[in-house]
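# Observations on the three-dimensional arrangement
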Amino acid sequence: MDKAPWLTIIGLGEDGLAGLSNASKEALAGAEIVTGAARHLSLLPDLTAQTRPWPVPFVDGIEQLLALRGRTVVVLASGDPFWYGAGSILAQHLDTDEWQAFPSPSVVSLAAAYLGWPLEKTAVFGLHAAPLSRLRPALQPGVNLLVLLRDGPAASNLATYLVQQGFGASCLWIMESLGGPRERVRITTAQSLDFDDISHPVCAAMALAGDGLALPLSSGLADSFFDHDGQITKRPMRAVTLSSLAPLAGQHLWDIGAGSGAIGIEWMLAHPSNQTTAIEPNPTRAARIRRNAVALGTDLLNLVESTGLDFLNRLPQPTPPNAVFIGGGLSEQLLQRLWTILPKGTRLVANSVTLETDGLLAQWQRDVGGDLMRFDIANSTPLGAKRGWKAAFPVTQWSVLK
């Protein structure tokens, strides 16, 4: 570094000054301004620097902090500032020579050390400002989870949610103020939790057990996982379609004519960093997509109430996706518009069940290439005293890499 950074981010444990490194103590001693949550400031009551409580919501304090460039500032955060903490957010707004960080053990590290759980095999969720349904994909029997929660009522709501999902038998550790003089750990089950004095900061550890319905890790979830009015890509065809879309980590899908949202939701379930923009013109179906997304832990799905063509025309320079699925509203105009704006390397998949759109896909496959496949699927059904095959509508699928 050519010069000393003006900002120091210090991870603070529940034992206050006693748990800080010498480097952290030196940074505090030399600071003009110390800012952080009121709870963090109360753990260091003898500061000589000017103290400024960080505002709520957190984002409101960023501009105020950046206005202090040129002063010597310390920001207090919880434990490791880069583990569900403020550090990674602040670093996005600063050059690398402007800041330094001194972490302390995170709540997650302290919880794992108490329980003897290997962190590399333990899923961790920060749900201070996120719905409990984010846990849904991780609810698997025999799995251990650590969940950071906002407060005591959130811990009670967590237990209720586990019971509702069929995992009420899960062993539940309620861990408060880990690493400090107020540390307390109590063990119960989700269905038996009756503590009414749980205080912040709180971490819940769960050893999942019960007969709840887990989400399979493969694509093509059972149709019953989705609320729908029949407008849904059925499970076998959905598995084939997702295979053609080939989701990769961190990629973005446009799901045009989303219906129930099943394709876009499963795209997001493929990796936690994946994103979907679901485009659906029917307001009733759009509301259903939102409910499905929340229920299955993909509440970050971006929902647009629009036809596909209006969506594209309304955005003169839309951020291009990595893949596009057309499940409804397929037309020549839509394909022409998409082909104009999609960059090279975009995967496009379209499904058809009518003769008219079959012909359209055949024409495009002839002109620009890709794979054209037809799927005939039948299910066994009662036929008198025996059984027979009942065919579903055949589906034509065109998939192409531009």
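So, here's what we can say about the structure. All of these numbers come straight from a predicted model, not from anything done at the bench.

## Quick look at the packing of aromatic side chains
In the structure shown here, the tally under the stated rule is eight aromatic pairs. With a centroid separation of 5.4 Å and an interplanar angle of 90°, the aromatic rings of W117 and W173 are classed as edge-to-face. Taken together, the positions of W117 in the loop between helix 5 (107-115) and strand 6 (123-126) and W173 in strand 8 (residues 171-176) put the pair 56 residues apart, joining distant regions of the chain. Side by side, W117 and W173 carry an identical accessibility label, which is buried. Against the face of F195 rests R186, its NZ or CZ located 4.2 Å from the ring centre. Seen from the ring of W339, K402 lies directly overhead, with NZ or CZ sitting 5.4 Å from the centre.

## Thoughts on the nonpolar core
Ranked by internal contacts, the top residues of the largest apolar core, which has 27 residues, are L135, L149, L158, I174 and M206. Of all elements in the fold, only strand 7 (144-149), helix 6 (152-164), strand 8 and strand 10 (202-207) reach the threshold of two or more residues within this core. For this core, the element with the most residues is helix 6, which contributes six residues. Counting residues in each nonpolar core, the second largest holds 22 residues, with L221, L245, A293 and L296 among its members.

## What about the packing of helix 7 (residues 235-245) against helix 8 (residues 262-269)?
For the pair helix 7 and helix 8, the least separation of the axes is 11 Å and the interaxial angle reads 55°. Classified by the interaxial angle, the pair formed by helix 7 and helix 8 is oblique. In the crossing of helix 7 with helix 8, the sense of the turn from one axis to the other is right-handed. In this structure, helix 7 uses R238, T241, L242 and L245 to contact helix 8, whose residues at the interface are A262, I263, E266 and W267. A per-class count over the contact of helix 7 with helix 8 returns five nonpolar, one polar and two charged.

## Digging into the pattern of salt bridges
Counted by the stated rule, this structure contains 18 salt bridges. As a salt-bridge pair, R69 and E98 come within 2.5 Å of each other at their nearest N and O atoms. With a gap of 29 residues between them, R69 in the loop between helix 3 (60-66) and strand 4 (73-78) and E98 in the loop between helix 4 (87-91) and strand 5 (99-102) connect regions that are remote in the sequence. For R69, a relative accessible area of 41% puts it in the partly exposed group. Through salt bridges that share partners, D227, D229, R285, R288 and R291 make up one connected network.

## Describing the layout of surface pockets
The space that makes up the second largest pocket amounts to roughly 880 Å³. Every residue lining the second largest pocket is counted, 36 residues in all, and those nearest its centre are I232, T233, K234, V353 and V395. Residue assignment for the lining of the second largest pocket shows that the elements contributing at least two residues are helix 7, helix 8, strand 15 (347-352), strand 17 (378-383) and strand 18 (386-391). Top contributing element to the lining of the second largest pocket by residue count: helix 7, with three residues. Classifying every residue of the lining of the second largest pocket by side-chain character gives 15 nonpolar, 16 polar and five charged.

## Observations concerning the side chain of T276
As for its placement among the helices and strands, T276 is situated in strand 12 (residues 275-279). Excluding residues that lie within four positions of it along the chain, T276 makes contacts with H252, L253, D255, G264, W267, M268, L301 and N302.

Basis of the calculations
Residues numbered from 1 in each chain as written. Predicted model: local features only at pLDDT ≥ 70, side-chain atom pairs only at ≥ 80, totals over all residues. Heavy atoms only, no water. Phe/Tyr/Trp six-rings, centres within 6.5 Å; stacked < 30°, edge-to-face > 60°. Helix = DSSP H or I, 4+ residues; strand = E, 2+ residues; numbered from the N terminus. Buried < 20%, exposed > 50% of the residue type's maximum accessible area, 1.4 Å probe, protein only. Lys NZ or Arg CZ within 6 Å of the ring centre and 35° of its normal. Core = buried A, V, L, I, M, F, W, Y, C linked by side-chain atoms within 4.5 Å. Axes fitted to C-alpha atoms, helices over the stretch in contact; angles between N-to-C directions. Parallel < 35°, antiparallel > 145°, perpendicular 65-115°, else oblique. Left-handed = near helix turned anticlockwise from the far one by under 90°. Contact = heavy atoms within 4.5 Å. Nonpolar A, V, L, I, M, F, W, Y, C, P; charged D, E, K, R; others polar. Salt bridge = Lys/Arg side-chain N within 4 Å of Asp/Glu carboxyl O. 1 Å grid on protein atoms, 1.4 Å probe; cavity = no way out; pocket = protein on both sides within 12 Å on 5 of 7 lines; lining within 4 Å. Points joined across faces, edges and corners; volume = space filled by probe spheres on them.

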